[in-house]
Amino acid sequence: MLFNSYPFIFVFFPLVLIGFFLIGKRNARAAAGFLALASLFFYGWWSVKALPLLLASICINYWFGLRLTPAPGRDERKRKSLLIIALVVNLGVLAIFKYANFFVSNVNDGLAAAGLSQIPLLHIVLPIGISFYTFTQIAFLVDCWQGKVHERSFIHYVLFVTYFPHLIAGPVLHHAQMMPQFGNPATYRVNARNIALGLGIFTFGLAKKMLIADPLGQYADMMFKGVHEGVLPSLYTAWLGVLAYTLQIYFDFSGYSDMAVGLSLCMGVQLPLNFRSPYKSTNIIEFWRRWHISLSNFLRDYLYVPLGGNRKGPARRYLNLFLTMLLGGLWHGAAWTFVIWGALHGLFLMVNHLWNATVRRGKTSSSRLGRVLGWFITFLCVMIAWVVFRADSMTAAIEIYKGMLGMHGVIPSAFGEFKVPFRKPEFFQTMLAGLVICLALPPTITLDRWIPSVAALAGRPALNRIATALTALGCVFLFGLCVSKFGNYSPFLYFQF
């Protein structure tokens with residue numbers, strides 16, 4: 001069930017919202033259980049076959065969590081051993097379902113080169129959302145071992161893991177952000193302001209997806225798929241195709257995150273901010289503080305810091321940065337393209353930190369020209385890395401890089417499949433709108449200044465009511481425009497990760 005579909009918007013979510021508050025009015029615990037069951041139904045709508053794995057993961061990790069929590073008389077060595085077992089179980093399940101075929105195919109390449117018989121592929125279907133709910137629970141287990149978890153309600157734990165706004169494509173949640181909210185009685189009472197703000201944020205996220213990401217995705221897919229099929233891109237088509245994908249993945253994923261935040265806020269639960277205008281960044285360090293914030297925080301807290309962080313000298317710090325990003329790339333998918341994408345960002349971060357240490361030497365400000373140049377270099381590096389992230393293979397990525405260098409010509413030699421769409425006015429209009437939103441407008445989270453009331457006019461009630469009504473009408477119009485685009489299968493990009 002997609003967020004951008006008729007069944008979800010007009011049937012599932014209204015029924016869940018109404019049922020949640022009606023039950024919550026009488027019994028908060030029952031309302032939490034109802035929401036957990038609704039979330040499991042939402043997941044089962046995608047794949048009933050994957051539902052047992054999710055339920056087994058929840059039960060096993062809850063059991064691990066109870067026994068990892070410090071208590072009088074518990075052997076510390078046994079607790080540490082149990083943590084290792086729990087991590088191996090979680091990572092092992094993820095490895096089997098997500099990386100088994102990748103490993104086997106690479107072994108087969110070596111066997112083929114040696115003239116030996118190959119291992120048959122397992123053909124395991126990747127359960128949707130497995131990376132997100134596995135990482136969510138790994139963080140929970142580590143925090144249990146460290147004694148940071150005090151919530152013991154199984155219902156709240158199930159809801160924390162399965163909560164449908166985030167379950168399929170994040171953000172990666174932390175128990176300390178969520179479980180106290182599920183235990184707060186105020187969460188189960190209707191709040192008109194939260195509902196108005198939540199619907200507004202949801203609408204803007206839906207618009208990002210339907211009006212910008214999907215149209216640009218058609219052009220990006222045309223270029224990337226064409227290269228995969230043997231068409232060589234010119235300088236013109238390569239750069240426009242990569243820019244189209246650069247904007248597509250941002251508006252697609254940030255649109256999903258906004259929709260998740262909006263849906264959750266309607267139910268009185270605040271999800272963490274996942275994007276903060278990342279394409280405004282003036283260096284790669286800043287980019288990773290603004291892009292997929294929940295994953296960046298997870299990688300920092302549960303991978304970079306345990307590896308030693310910056311506590312063991314500059315050389316070890318750079319190695320830890322590189323390894324963290326390398327594994328972060330592998331988390332996105334079982335392909336060498338994702339590994340290389342992570343390695344590129346690891347190198348970018350190493351260079352950025354080295355520059356700060358040797359050239360800037362602690363300076364906290366720079367000239368306007370320096371900021372513009374920093375933004376341009378950062379945006380260029382991000383675009384270059386997106387090529388290998390999106391490409392179907394390294395061979396295709398190399399041909400696109402050659403096209404970006406003009407090695408396949410400057411413009412298409414014939415009026416072919418690449419040239420026609422990239423000449424359409426609506427392509428450039430959508431791309432321009434996307435760039436303006438990315439680079440000139442504030443992040444969606446600032447909508448709380450405008451919905452449901454215009455804070456700037458708080459001292460002028462009449463004007464405030466007019467501005468609020470106009471804002472509401474604008475949201476309704478935008479929502480209707482998005483709904484009119486429904487009909488085509490339009491999954492979110494991060495569903496595959």
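Residues numbered from 1 in each chain as written. Predicted model: local features only at pLDDT ≥ 70, side-chain atom pairs only at ≥ 80, totals over all residues. Heavy atoms only, no water.

1. Comments concerning the state of the cysteines
With the rule as written, the count across this model stands at zero disulfides. The thiol of C438 is unpaired, and the distance to the nearest cysteine sulfur, on C482, comes to 16 Å. (Disulfide = S-S within 2.5 Å.)

2. Description of the packing of aromatic side chains
How two aromatic rings sit relative to each other is given by the distance of their centres and the angle of their planes. Enumeration according to the criterion identifies 55 aromatic pairs in this entry. Ring centres of F253 and F275 lie 5.1 Å apart, and the angle between their planes is 85 degrees; on these two criteria the pair is classed as edge-to-face. Of this pair, F253 sits in helix 10 (residues 235-266) while F275 sits in the loop between helix 10 and helix 11 (284-290), placing them 22 residues apart in sequence. For F253, a relative accessible area of 1% puts it in the buried group. A relative accessible area of 7% means that F275 is categorised as buried. An angle of 10 degrees between the planes, with centres 6.5 Å apart, marks the rings of Y279 and F287 as stacked. Here the two residues Y279 and F287 agree in accessibility, since each one is buried. Lying over the aromatic face of W331, K98 brings its terminal NZ or CZ to 5.3 Å of the ring centre. (Phe/Tyr/Trp six-rings, centres within 6.5 Å; stacked < 30°, edge-to-face > 60°. Helix = DSSP H or I, 4+ residues; strand = E, 2+ residues; numbered from the N terminus. Buried < 20%, exposed > 50% of the residue type's maximum accessible area, 1.4 Å probe, protein only. Lys NZ or Arg CZ within 6 Å of the ring centre and 35° of its normal.)

3. Quick notes on the nonpolar core
Within the largest apolar cluster, 140 residues are counted, with the highest numbers of intra-cluster contacts made by F3, F8, Y279 and W291. Among the elements that line this core, the one with the most residues is helix 10, at 18 residues. Those residues in contact with W291 that sit more than four places away from it in its chain are I249, Y250, N274, F275, P278, Y279, S296, W386 and Y494. (Core = buried A, V, L, I, M, F, W, Y, C linked by side-chain atoms within 4.5 Å. Contact = heavy atoms within 4.5 Å.)

4. Observations concerning the pattern of salt bridges
For the structure shown, the criterion picks out nine salt bridges. E76 is the partner of R79 in a salt bridge, and the nearest nitrogen-oxygen pair spans 2.7 Å. Taken as a pair, R79 and E76 lie in helix 4 (residues 76-113) at a separation of three residues, close to a single helical turn. Classification of E76 by relative accessible area gives partly exposed; the value is 46%. A salt bridge links R300 to D301, with the shortest nitrogen-to-oxygen separation between them at 2.8 Å. You can call D301 partly exposed: its relative accessible area is 35%. It is possible to trace a salt-bridge network through shared partners that takes in K209, D214 and D252. (Salt bridge = Lys/Arg side-chain N within 4 Å of Asp/Glu carboxyl O.)

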